[in-house]
Structure formats: C-alpha cells, structure tokens
Amino acid sequence: MVSIFDDMTQVTEAEVQRLLPLVDGQRRDEALRYKHLFGQFACLKSWLMLKELLAPLDIHDLKMAFNEHGKPFLANHPEVHFNLSHCKNGIAVVVDSSPVGIDIESFRKGNLALINRTMNPVEAEWILSSSDPIETFTQYWTKKEAVVKLRGTGIVDDLHHALNGEGYRMETHLNREKGYAWSVAYTK
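In this text the structure is predicted, and so the values were computed from the model without any measurement.

Undergrad: What should I look at first to understand helix α5 (residues 121–129) in this one?
TA: For the α-helix, the turn length of 3.6 residues means that residues three or four positions removed from each other point alike. Within α5, burial applies to Glu-123, Ala-124 and Ile-127. Buried positions in α5, seen along its axis, are confined to an arc of 100° and lie on one side of it. Residues of α5 that are exposed and point more than 90 degrees away from the buried face comprise Pro-121, Val-122, Glu-125 and Trp-126. One side-chain oxygen at the N-terminal end of α5 lies 3.0 Å from the backbone nitrogen of Val-122; it belongs to Asn-120.

Here's what the structure looks like:
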C-alpha cells in the first residue's frame, strides 16, 4: 500500500501545531528536532500517513526502532514493513508484508560529476541522451534509493550497481505537474 501527499500549501506553522498532538511523544520530539518548518511538517505528516495505512491492519501502536543502518521498523510488529520519504514537492509512504523501500525526489538536474558518481555507464548514457535528462536522472535516482532502502543499508551500497541485483520488483511514477518522481522497490 502506497500513500503520496503533494499539497505543499499545507506546510504552515498552524498545520504543524495542529498535527503535533496527533502523534506520540517519540514522533513529536523527532519532529521538533528539525529547525525548518518543512522538516517538522514532513516528519509529522509521514507518520500520520503511516498510521492511516496501518489502521486497516488494526495496528495502532507505532513504536519505532531502527536497524544497524538506521532503517526504521515497528518494534511491536516486525512482520510489517514500511518506508518513508519526502522531498520539497511531496511525501511518500509504503507498507508491505515484505521488506520495501520508497523514494520521492523533486526534479533536479544531475550534473556530470554526480551522474558519474552515481550511475553506471549505460544509465549515464540513457540520462544524457534522453529527451528530458532531468526527469530521467530523477527516475534513476529514486529507483536506486528505493532499492538501497529496501535492503536497509542506505547509500553505503555501490550506487553504480544498485539496480543490477535481483530479488525485487520496481514501480516508478512521474508527476510532471507537481515536479517529482517516486519509485518503490518491493521484495519479489
């Protein structure tokens, strides 16, 4: 189950104040550690989106824990897997019965140094020769990040080969109107 939020007009101090009492103390403290309003909002909103996705499963105690690489999981429900992501244009949340990863990114230009550092030669060629290199770069980036988040290792993996593995299936979506791409990697 995936939930996407992209009405960024709601990122206001009043909305953050309205959301704060709707989350537990752990998440409230985490949200307030952010200095910027968007970080506070994204932290709160993503958690509430997760709660909404888990409600049909009758899961309401969302005590979060983290693996050795920082990937979050539900301490009281290790059989339920989730992942969260946000960018300036949207927030993405996914829940599944197997390990899962999601990434959402605003369209951004990938300069040649970044492309070479993160993409293999075939991917770089696709990006540089595409009709819209910015969209293509963002799609590849979200795919790679979703896969490493599924694995739970973060970006310590070799990004040149992140999409060469097996054991996952991928969905990628574009929202040209709102200016972002998102990808989700599911365990096969």
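Still more to cover.
Undergrad: Help me out: how do you make sense of the nonpolar core in this one?
TA: If you look at soluble globular proteins, the nonpolar side chains tend to sit buried side by side. Residues Trp-47, Leu-50, Leu-54, Leu-74 and Phe-82 are the most contacted members of the largest nonpolar core, which totals 28 residues. Those elements that provide at least two residues to this core are α1 (13–19), α3 (37–54), β4 (81–87) and β5 (90–96). Ranked by residues supplied to this core, first place goes to α3 with 10 residues. Ignoring anything within four residues of it in the chain, the contact list for Leu-74 reads Trp-47, Leu-54, Ile-59, Leu-62, Lys-63, Val-80 and Phe-82. Leu-114, Met-119, Trp-141 and Leu-159 belong to the second-largest nonpolar core, a separate cluster that totals 11 residues.

Undergrad: Would you mind going over the side chain of Arg-27 with me for this structure?
TA: Position of Arg-27 relative to the elements: it lies in helix α2 (residues 25–33). Not counting the four nearest positions on each side in its chain, Arg-27 is found in contact with Cys-43, Ser-46, Trp-47, Met-64 and Leu-84.

Undergrad: I keep staring at the environment of Glu-171 and nothing clicks. Help me out?
TA: Relative to the assigned elements, Glu-171 resides in strand β7 (residues 168–175). Taking the relative accessible area as the measure of exposure, Glu-171 reaches 29% and is therefore partly exposed. Sequence-wise, Glu-171 and Trp-126 are 45 residues apart; in three dimensions their C-alpha atoms are separated by 18 Å. At 3.2 Å, the side chain of Glu-171 forms a polar contact with the side chain of His-173.

The rules we used
Residues numbered from 1 in each chain as written. Predicted model: local features only at pLDDT ≥ 70, side-chain atom pairs only at ≥ 80, totals over all residues. Heavy atoms only, no water. Buried < 20%, exposed > 50% of the residue type's maximum accessible area, 1.4 Å probe, protein only. Helix = DSSP H or I, 4+ residues; strand = E, 2+ residues; numbered from the N terminus. Arc of directions from axis to C-beta. Polar contact = N/O pair within 3.5 Å; in protein donor to acceptor, adjacent residues only side chain to side chain. Core = buried A, V, L, I, M, F, W, Y, C linked by side-chain atoms within 4.5 Å. Contact = heavy atoms within 4.5 Å.

This is a description of form; function is not addressed.
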